[in-house]
Amino acid sequence: MRITYTPLFVSVALLALSACSTAPPEPAPAPQPAKPIATPAPAPMQPKGEWIDWPITPGAWAYRKDGRGSLALFGEADRDAIFIIRCDHSRRQLFLSRAGSVGQNAKMVLRASAGMASYPAANSGGTPAYTAISVSPGDIMMDRIAYSRGRFAVETSGLESLAIPAWPEFSRVVEDCRN
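Anyway, here's the lowdown on the structure attached to this text. Keep in mind the model is a prediction, meaning the values are calculated, not measured.

Brief notes about the environment of Leu 159
- Within the secondary structure layout, Leu 159 lies in the loop between strand S8 (151-156) and strand S9 (162-165).
- Leu 159 gets classed as buried once you look at its relative accessible area, which sits at 12%.
- Put simply, Leu 159 and Gln 46 are 113 residues apart on the chain and 8.5 Å apart in space, counted from C-alpha to C-alpha.

Topic: the sheet that holds strand S1 (residues 60-66)
- Across the sheet, nine strands lie side by side as S1-S2-S3-S4-S7-S6-S5-S8-S9; this open sheet has antiparallel pairing. Sheet topology places S1 and S9 at the edges, where each strand pairs with a single neighbour. With strand direction ignored, the average angle separating the axes of adjacent strands in the sheet is 25°.
- One ladder, built from four bridges, connects strand S2 (residues 69-75) with strand S3 (residues 83-88); its direction is antiparallel. Counterpart to Phe 74 in the pairing with S3 is Phe 83.
- On top of the sheet, helix H3 (residues 168-178) reaches S1, S2, S3, strand S4 (93-99) and S8; it is set at about 20° to S3, its chief contact.

Details of the pairing of S4
- For S4, a buried count of five out of seven residues is recorded, marking the element as mostly surrounded by other parts of the structure.
- With six bridges connecting them, S3 and S4 associate as antiparallel partners. Within S4, the position partnered with Ile 85 by the bridge is Leu 96.
- Linking S3 back to S4 in an antiparallel pair, the connection comprises four residues, with Arg 92 at a positive phi of about 55°.

Details of unusual backbone geometry
- Cis geometry is adopted by the peptide bond preceding Pro 128, which originates at Thr 127 and carries an omega value of 0°.
- On the secondary structure map, Pro 128 appears in the loop between strand S6 (115-123) and strand S7 (130-135).
- Phi at Asp 78 takes a positive value of approximately 65°, unusual for a residue other than glycine.
- Among the secondary structure elements, Asp 78 is positioned in the loop between S2 and S3.
- Its relative accessible area of 85% is what places Asp 78 among the exposed residues.
- Residue Arg 92 is not a glycine yet carries a positive backbone phi of 55°.

Overview of the layout of surface pockets
- Put simply, the largest pocket is a space of about 240 Å³.
- At the level of secondary structure, the elements contributing two or more residues to the lining of the largest pocket comprise S3, S4 and S7.
- Approximately 150 Å³ is the volume found for the second largest pocket.
- Considering the residues around the second largest pocket, the lining is formed by 13 residues, among which Ala 62, Leu 73, Gly 75, Glu 76 and Arg 79 are closest to the centre.
- Within the residue set of the lining of the second largest pocket, elements represented by two or more residues are S1 and S2.
- Element by element, the count of residues in the lining of the second largest pocket is highest for S1, at four residues.

How each quantity is defined
Residues numbered from 1 in each chain as written. Predicted model: local features only at pLDDT ≥ 70, side-chain atom pairs only at ≥ 80, totals over all residues. Heavy atoms only, no water. Helix = DSSP H or I, 4+ residues; strand = E, 2+ residues; numbered from the N terminus. Buried < 20%, exposed > 50% of the residue type's maximum accessible area, 1.4 Å probe, protein only. Pairing = 2+ DSSP bridges. Axes fitted to C-alpha atoms, helices over the stretch in contact; angles between N-to-C directions. Contact = heavy atoms within 4.5 Å. 1 Å grid on protein atoms, 1.4 Å probe; cavity = no way out; pocket = protein on both sides within 12 Å on 5 of 7 lines; lining within 4 Å. Points joined across faces, edges and corners; volume = space filled by probe spheres on them.

As structure tokens, then:
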């Protein structure tokens, strides 16, 4: 038997083949950009153990005088200070500041060998950001820090705690403010 191709046969065959073909797939929808999720800043790493055993925060003290009084800055060379004590002679006040900013109702705790004290802390409003407390030059905690065994600690709400060497620059600013 011989197969003969007739135009009807060819058109039916093409029609059958076209019914089997698939249409090109629809393009996948473009991915939506990921919406940023607000995540709180990670809590700062806090030193472990008792404050007297914390490693000393890297840096050195520098003492200066200016038009307002005297100040001592602690930190690494060629960087912003991480801790400052300033005597504002006209106000007869000491201002202790540490790098960083805090939220409402923050506290700064000062620890020394002979005791500790807690003070309300607030942002100083400058750039770079510092958190500060104001104390009287006669505050007993200033003497405790001056006579502390090698170091004192500064713990501030929401910021990394510092272990700062108790060098004479700190005491010198306190004495400047008392005179």
